[in-house]
Amino acid sequence: MRLAVIGGGVVGVSTAYYLAEAGHEVALFERYGNVAQEASFGNLDLMGPSGLRLWATPGAPSRIFSMLFRPESPLAFSARFEPAMWRWLKRSMSESALSRFKQNQQRLYRLASYSQELMQHLVQTRELDFQQRNSMMIMFRTARELEMAHPYMELLGEFGSRNELLDPEAARLLEPALSTETPFHSALHVPDDWAGNCPLFVRQLKTLSQDLGVEFHFNSEIQAIRPELGGTTLQLEGRNVDVDAVVIAAGSDSVRLLKTMGISLPIYPVKVYSASMAIQEFELAPQTSLFDDTYRVGLTRLGKRIRIAGCAELGSSNLDLHHKAVNTLVKVADDWFPNAANYRAASFWCAPTAMLPEGVPLIGPTRYSNVFVNTGHGSAAWALAAGSGKLMADIITGRRTEIDTDGLTLTRYGDRMR
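Below is a summary of the structure that appears in this document. (Residues numbered from 1 in each chain as written. Predicted model: local features only at pLDDT ≥ 70, side-chain atom pairs only at ≥ 80, totals over all residues. Heavy atoms only, no water.)

So, on to the overall build of the protein. A count of helical and extended segments in the protein gives 11 helices and 18 strands. Expressed along its principal axes, the backbone C-alpha trace of the protein runs to roughly 65 × 45 × 40 Å. For the protein, buried positions account for 62% of its 418 residues. Excluding contacts between residues fewer than 6 apart, the proportion of contacts in the protein whose partners are at least 24 apart in sequence is 76%. Separation of charge centres in the protein, based on 41 positive and 44 negative side chains, amounts to 5 Å. (Helix = DSSP H or I, 4+ residues; strand = E, 2+ residues; numbered from the N terminus. Buried < 20%, exposed > 50% of the residue type's maximum accessible area, 1.4 Å probe, protein only. Contact = heavy atoms within 4.5 Å. Lys, Arg positive; Asp, Glu negative; His and termini not counted. Charge placed at Lys NZ, Arg CZ, Asp CG, Glu CD.)

See the structure below:
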């Protein structure tokens with residue numbers, strides 16, 4: 001088939017790659033001048049299944065809101081308060097009930113595990129190098145935080161995840177660069193989880209996709225999508241493009257595109273943050289990727305640089321940096337590896353990412369047989385992209401999917417959302 005993919009982030013390029021690998025003729029449309037220019041440029045670098053923690057966990061609403069008035073917090077609000085934001089936030093917090101959390105975490109882990117298998121295969125067969133490294137620690141600053149993480153850790157045991165809870169002494173033996181000035185209760189070591197440079201990977205996958213015949217059309221913003229009998233028309237400025245089917249993998253812009261067809265999904269554009277800086281003292285820089293459970297911030301060493309990513313800002317419609325998010329990133333880096341780099345001189349970045357209340361993406365057909373979605377990955381896009389792309393390709397091609405799609409398609413919202 002002649003297929004179009006809208007979106008040049010890690011999910012869109014992964015989708016285009018696997019569709020082309022399945023034998024389709026693929027054209028990718030991206031509104032920016034290159035791939036990985038929005039959320040994929042600075043997304044969370046952690047890409048393993050065990051380190052993916054939903055925002056809506058049991059006890060999370062009270063804990064997060066108790067931190068709102070501190071100088072540092074995992075969640076920030078802009079001055080703009082809009083009904084859509086509060087509706088989405090209320091729905092998201094309802095997902096923190098234990099039964100809902102378990103269901104969502106299971107779905108996320110299933111897709112992330114599949115994605116990691118595919119990434120390992122890509123690395124081995126395509127000899128990719130995107131500064132990937134193994135091993136991660138989730139840091140629990142207090143006994144209370146560890147207690148709140150028990151439902152998540154119990155699920156990891158059910159999933160068969162290889163991990164070990166370390167006391168501070170054992171954690172510092174594993175990662176000698178950890179600051180001795182920052183007290184913490186324990187650390188969960190996950191040796192098999194990966195981290196890597198997402199935009200570097202996307203550029204490499206773009207080249208592999210072009211080798212398979214994928215056409216990349218940059219600076220090409222889709223104005224509207226018009227499903228028709230036997231095909232779909234994409235409306236661009238000054239021209240139309242006819243294809244057999246289209247995959248919407250446009251991140252936060254997916255909402256606008258879906259609305260042109262009368263489809264409404266509970267996606268909200270949450271602004272995420274990251275910062276990168278050159279390492280100044282290599283012996284004091286991390287060897288193991290780290291996730292701070294309190295502030296929901298990940299810290300990874302990528303070559304000669306350190307990348308910090310995390311925090312979420314709600315209610316913002318611009319790319320201005322929120323002081324609380326910047327303070328949080330700097331605090332986390334200073335707490336754990338204070339002398340590795342000058343964090344206040346870092347290059348700070350933010351961008352909107354498409355988040356669903358459950359924290360689980362949507363992959364599959366809409367009510368139009370020739371319009372598909374691959375969206376709503378949020379800050380977990382890097383960890384879910386390969387699996388989402390391959391799943392999408394198998395669905396469109398009519399092949400049996402390699403994992404169960406239960407809870408990953410639009411059917412989880414019923415017919416009114418399709």
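So much for the structure itself; the text now carries on.
Time to look at the packing of aromatic side chains. Throughout the structure, instances matching the rule amount to 10 aromatic pairs. Centroid distance Phe216 to Phe218: 5.9 Å. Interplanar angle 20°. Geometry classified as stacked. Of the residues examined, Phe216 reaches a relative accessible area of 14% and is grouped as buried. Looking at Phe218, the relative accessible area reads 21%, which means it is partly exposed. One aromatic cluster is present, built from ring pairs that chain together Phe130, Phe201 and Trp382. Above the face of the Tyr152 ring, Arg53 is positioned so that its terminal group lies 4.5 Å from the ring centre. (Phe/Tyr/Trp six-rings, centres within 6.5 Å; stacked < 30°, edge-to-face > 60°. Lys NZ or Arg CZ within 6 Å of the ring centre and 35° of its normal.)

Quick look at the sheet that holds strand S8 (residues 222-228) now. Within a sheet, adjacent strands bond to each other through the backbone by hydrogen bonds, running parallel or antiparallel. Spatial ordering of the open sheet is given by S8-S9-S10, a layout of 3 strands whose pairing is antiparallel. Each of the sheet's edge strands pairs with one partner strand only, and the pair in question is S8 and strand S10 (239-243). Averaged over all neighbouring strand pairs, the angle between strand axes comes to 20°, with direction disregarded. The pairing of S8 with strand S9 (residues 231-236) spans 6 bridges and is antiparallel. Among the inter-strand pairings, Glu228 is bridged to a residue of S9, identified as Gly231. (Pairing = 2+ DSSP bridges. Axes fitted to C-alpha atoms, helices over the stretch in contact; angles between N-to-C directions.)

Right, let's get into unusual backbone geometry. With phi around 60°, Gln131 is a residue other than glycine that occupies positive phi space. Secondary-structure assignment places Gln131 in the loop between helix H4 (98-126) and strand S4 (133-140). Relative accessible area serves as the criterion here: at 28%, Gln131 is assigned to the partly exposed category. Even without being glycine, Cys311 reaches a positive phi, approximately 70°.

Okay, the pairing of strand S15 (residues 305-314) next. Most of S15 sits inside the fold, with 9 of its 10 residues counted as buried. Alignment of strand S3 (residues 75-77) against S15, held across 3 bridges, turns out to be parallel. What sits directly across from Leu75, in S15, is Ala312. By the bridge criterion, 8 bridges tie strand S12 (residues 268-278) to S15 in an arrangement that is antiparallel. Within the sheet, the bridge partner assigned to Met277 lies in S15 and is Ile306. Note: strand S14 (residues 297-302) against S15, 6 bridges, orientation antiparallel. In the strand pairing of S15, Arg301 is matched with Ile306. In this antiparallel pair of consecutive strands, S14 and S15, the connection spans 2 residues, and Gly303 shows a positive phi of 65°.

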